[in-house]
Amino acid sequence: MKSTVKFVIAFLLVFAAYLAIHQKWIINLIITQYDANQFYASATNALLIACTGIFFSLTVLTVRRWVIAVFLLLVLPALMSGFLYSRILGATMDFDAFNLLIHEAGKTQDFIKQYYRTVILAFGLVTIILTNTLIARFMAYKKRPYNDMISGLSIAGLIATPLLAFGSQYFPRYAPTYDSAPWIYSYHLMATPEPMINHNISATPDKSEISKIVLIIDESVTYDAFVNQIANNGFISVDYINYGNAISGGNCSASANALIRWAANPMEVIMNKDPRSYPTLWDYAKKADYETVLVDGQTSPGRMPGNFMHKGEQESIDIIHQIKGGIETDLQIAEKIHSVITQNKPSFVYAILRGAHFPYDGFPDSDHAGMTDLERYSASIAYSKRHFFETLLRNVDLHETLIIYTSDHGQNIVKGRAAHCNSLDYDAKEYSVPLLAITQNEHFLKALTELNSPGSSRVSHLQIAPTLLIAMGYDKTHVENAIFPSLLSKAEYTYLFQHAVFPSLRNTPPPYERVSLADGLITGKPRR
């Protein structure tokens with residue numbers, strides 16, 4: 001009788017700890033669904049977390065000693081990763097978020113520097129759970145003839161519950177719990193084949209007056225930061241078209257970059273077409289006889305470039321320069337672009353800058369104490385761009401060159417929230433970016449300002465790819481009908497995406513928000 005009481009108490013301790021670490025999961029998923037009158041989804045998720053909690057607790061209390069070590073080694077890191085994600089981004093980690101984290105693994109060090117307090121909290125929580133688990137096991141474990149049977153069934157239940165529920169029509173809004181999510185998502189990620197790109201382009205481009213086309217994507221620069229730290233400091237000495245406070249296509253680096261590179265039609269993406277299936281900017285450039293060059297300041301040499309790049313896309317890039325120069329990375333990128341566009345051959349350059357990603361340490365003595373995140377952010381932008389445009393534009397013939405400069409997304413630097421990449425209640429600043437065009441080609445300069453004069457209405461990232469294709473010599477009407485209005489035309493609406501930009505495993509389109517460019521009003525509540 002005494003051993004039974006001990007077992008029940010130990011079971012309740014472990015079960016309570018399991019629910020405690022899933023507090024955010026419960027709040028963000030079960031309670032939110034209930035408040036939205038999604039009673040079936042709320043009830044089934046409550047049932048499923050109760051089942052996994054029971055299976056988890058029984059496993060801990062009945063498995064053999066060597067099995068508990070392996071079990072905790074697999075489960076605790078998964079619990080910590082899910083806890084970290086929900087604490088920082090205020091949402092449950094879904095498959096698309098996991099896929100994003102895999103692609104952005106190179107920024108792990110930046111993440112730890114910026115969110116070290118939350119990382120310490122997660123380690124502390126995992127330590128408490130581990131201690132609680134071991135105490136409970138010490139209190140209740142006893143060799144019983146049915147232990148192996150119970151532990152076997154419990155482990156089978158832990159594995160079977162997410163495998164059967166995830167993607168099932170009976171559990172349409174199920175999200176795996178922290179302990180199982182990384183393993184379930186990893187399985188689906190490995191089982192998902194490489195996307196099939198349609199490299200065939202039916203349109204035939206004319207010979208273009210513009211032989212050098214450059215797209216520069218800065219990192220985490222809002223429009224206000226551009227004005228205060230770049231424009232007002234006089235860092236751009238040539239005339240340029242300033243389209244004002246533009247709207248990015250995504251509030252995460254990967255989604256924002258990918259939507260531009262893939263030249264996808266957003267109206268088809270929201271209807272569930274995979275944007276990875278379109279011919280890319282590289283494909284269009286190669287057909288127009290441009291050499292294709294990627295200059296990447298965010299991944300180390302030899303590694304697969306990030307931002308949802310995949311092998312099928314990479315095959316269409318002639319030259320890849322990966323530059324890791326610390327706080328001088330952007331200046332080195334400017335030098336590399338300059339060396340490419342001063343050669344006597346047509347070239348299309350896509351450059352990804354280091355910019356001002358958190359932890360905002362892109363300037364000398366950045367470890368100086370006493371600076372706020374906003375001050376460090378501003379200093380990083382100013383330092384990275386102090387000689388960038390001067391170096392880039394030195395002796396460049398702008399009559400045959402078009403340079404588009406923007407940022408992947410903006411930043412909303414407030415305490416207690418991620419500065420970008422929020423999937424729920426995101427702030428308009430996360431989508432606020434500069435958008436400039438630099439050229440002295442008379443024909444194209446006139447076309448760029450005819451309908452989108454600065455200040456007339458807001459413009460969008462989604463207009464960049466069509467603009468570049470027209471500059472390559474493709475027919476304007478054909479391009480805009482196939483993709484989206486360019487900067488040579490008026491667009492009435494744009495579409496905002498978060499971390500997801502391709503169909504989910506449940507074959508549903510990514511969440512999005514449709515925004516009028518006349519007023520640019522962003523609600524922070526995507527359609528799902």
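Procedures and definitions
- Residues numbered from 1 in each chain as written.
- Predicted model: local features only at pLDDT ≥ 70, side-chain atom pairs only at ≥ 80, totals over all residues.
- Heavy atoms only, no water.
- Axes fitted to C-alpha atoms, helices over the stretch in contact; angles between N-to-C directions.
- Helix = DSSP H or I, 4+ residues; strand = E, 2+ residues; numbered from the N terminus.
- Parallel < 35°, antiparallel > 145°, perpendicular 65-115°, else oblique.
- Left-handed = near helix turned anticlockwise from the far one by under 90°.
- Contact = heavy atoms within 4.5 Å.
- Pairing = 2+ DSSP bridges.
- Salt bridge = Lys/Arg side-chain N within 4 Å of Asp/Glu carboxyl O.
- Buried < 20%, exposed > 50% of the residue type's maximum accessible area, 1.4 Å probe, protein only.
- 1 Å grid on protein atoms, 1.4 Å probe; cavity = no way out; pocket = protein on both sides within 12 Å on 5 of 7 lines; lining within 4 Å.
- Points joined across faces, edges and corners; volume = space filled by probe spheres on them.
- Nonpolar A, V, L, I, M, F, W, Y, C, P; charged D, E, K, R; others polar.
- Arc of directions from axis to C-beta.
- Core = buried A, V, L, I, M, F, W, Y, C linked by side-chain atoms within 4.5 Å.
- Phe/Tyr/Trp six-rings, centres within 6.5 Å; stacked < 30°, edge-to-face > 60°.
- Lys NZ or Arg CZ within 6 Å of the ring centre and 35° of its normal.

Engineer: Would you mind going over the packing of helix α3 (residues 39-62) against helix α8 (residues 147-165) with me for this structure?
Structural biologist: Two numbers describe a pair of packed helices, the interaxial angle and the distance between the axes. The N-to-C vectors of α3 and α8 enclose an angle of 150°; their axes lie 8 Å apart at closest approach. The orientation of α3 relative to α8 falls into the category roughly antiparallel. As α3 packs across α8, the resulting crossing turns out to be left-handed. The residues of α8 that touch α3, namely those facing Leu-48, Thr-52, Phe-55, Phe-56, Leu-58, Thr-59 and Thr-62, are Asn-147, Ile-150, Ser-151, Ser-154, Ile-155, Gly-157, Leu-158, Thr-161 and Ala-165.

Engineer: Mind showing me how you'd approach the environment of Ala-437 here?
Structural biologist: By the element assignment, Ala-437 lies in strand β9 (residues 435-438). C-alpha of Ala-437 to C-alpha of Lys-113: the two residues are 324 residues apart in sequence and 35 Å apart in space.

Engineer: When you look at the sheet that holds β9 in this model, what are you seeing that I'm missing?
Structural biologist: Pairing is mixed across the open sheet formed by seven strands, whose spatial order is β2-β9-β7-β1-β6-β4-β5. Lying at the two open borders of the sheet, with one neighbouring strand each, are β2 (241-242) and β5 (319-322). For strand β4 (residues 291-296) and β5, the ladder comprises four bridges, and the chain directions are parallel. When the sheet's bridge partners are listed, Asp-296 is paired in β5 with Gln-322. Strands β1 (212-218) and β6 (347-352) of the sheet are contacted by helix α11 (residues 253-261), whose axis makes an angle of about 170° with β6.

Engineer: I'm lost on the pattern of salt bridges in this one. Help?
Structural biologist: Close approach of charged atoms allows side chains with opposite charge to pair. Tallying each qualifying case throughout the model produces 13 salt bridges. For the salt bridge of Asp-148 with Arg-64, the shortest nitrogen-to-oxygen distance reads 2.6 Å. On the criterion of sequence distance, the pair formed by Asp-148 in helix α8 and Arg-64 in the loop between α3 and α4 (65-89) is long-range, its members being 84 residues apart. With a relative accessible area of 45%, Arg-64 lands in the partly exposed category. Ionic pairing is found between Arg-276 and Asp-274, a salt bridge with its closest N-O pair at 2.8 Å. According to the relative accessible area criterion, Arg-276 is buried, its value standing at 16%. Beyond isolated ion pairs, a larger network of salt bridges with shared partners links Asp-218, Asp-330 and Lys-385.

Engineer: Just checking my understanding: could you explain empty space enclosed by the protein for this structure?
Structural biologist: Gaps left between atoms show up when a probe the size of a water molecule is rolled over them. Enumeration over the complete set of coordinates arrives at three cavities of 30 Å³ or more. Estimates place the volume of the largest cavity at around 50 Å³. In terms of lining residues, the largest cavity is bounded by Leu-259, Ile-260, Ala-263, Ala-264, His-461, Leu-462, Ala-465, Pro-466 and Ile-483. Only α11 and α19 (464-471) provide two or more residues apiece to the lining of the largest cavity. Within the lining of the largest cavity, the residues separate by chemical class into eight nonpolar, one polar and no charged.

Engineer: Sorry if this is basic, but what is going on with helix α10 (residues 223-231) here?
Structural biologist: Because an α-helix packs 3.6 residues into every turn, residues spaced three or four apart end up facing the same way. Residues of α10 that are buried: Tyr-223, Ala-225, Phe-226, Gln-229 and Ile-230. Buried residues along α10 cover an arc of 145° about the axis, so they all sit on one side. At its buried positions, α10 is contacted by β2, α16 (373-385), α17 (388-393), β7 (401-407), β8 (432-433) and β9.

Engineer: Can you help me understand the nonpolar core in this one?
Structural biologist: Looking at soluble globular proteins, one finds that nonpolar side chains tend to be buried together. One finds Leu-281, Phe-348, Tyr-350, Leu-448, Leu-468, Met-472 and Tyr-474 to be the most contacted residues of the largest nonpolar core, which totals 71 residues. Broken down by element, this core gets its largest block of residues, six residues, from α19. Excluding residues that lie within four positions of it along the chain, Tyr-474 makes contacts with Ile-201, Ala-203, Pro-205, Tyr-284, Lys-287, Ala-288, Leu-469 and Val-479. The next biggest cluster of nonpolar side chains, apart from the first, holds 53 residues, and it includes Ala-165, Ile-216, Phe-388 and Leu-392.

Engineer: Teacher, can you tell me more about the packing of aromatic side chains here?
Structural biologist: The description of an aromatic ring pair uses the distance of the two centres, along with the angle that the planes make with each other. On inspection of all chains with the given rule, the structure shows 17 aromatic pairs. Taking 5.8 Å as the distance between ring centres and 50° as the angle between the ring planes, the aromatic pair formed by Trp-282 and Tyr-350 counts as tilted. Linking Trp-282 in helix α13 (residues 281-287) with Tyr-350 in strand β6, this pair joins segments that are 68 residues apart in sequence. Tyr-350 shares its class with Trp-282; the two are buried. Relative to Tyr-405, the ring of Phe-389 lies with its centre 5.3 Å away and its plane at 75°, an arrangement referred to as edge-to-face. Of this pair, Phe-389 sits in helix α17 while Tyr-405 is found in strand β7, placing the two residues 16 residues apart along the sequence. Each member of the pair Phe-389 and Tyr-405 is classed as buried. Looking at Lys-385, its charged tip hangs above the ring of Phe-388, at a distance of 5.7 Å from the centre. In this structure, Arg-386 packs its charged tip against the face of Tyr-383, placed 3.8 Å from the ring centre.

Everything listed here is a matter of geometry and, on its own, says nothing about what the molecule does.
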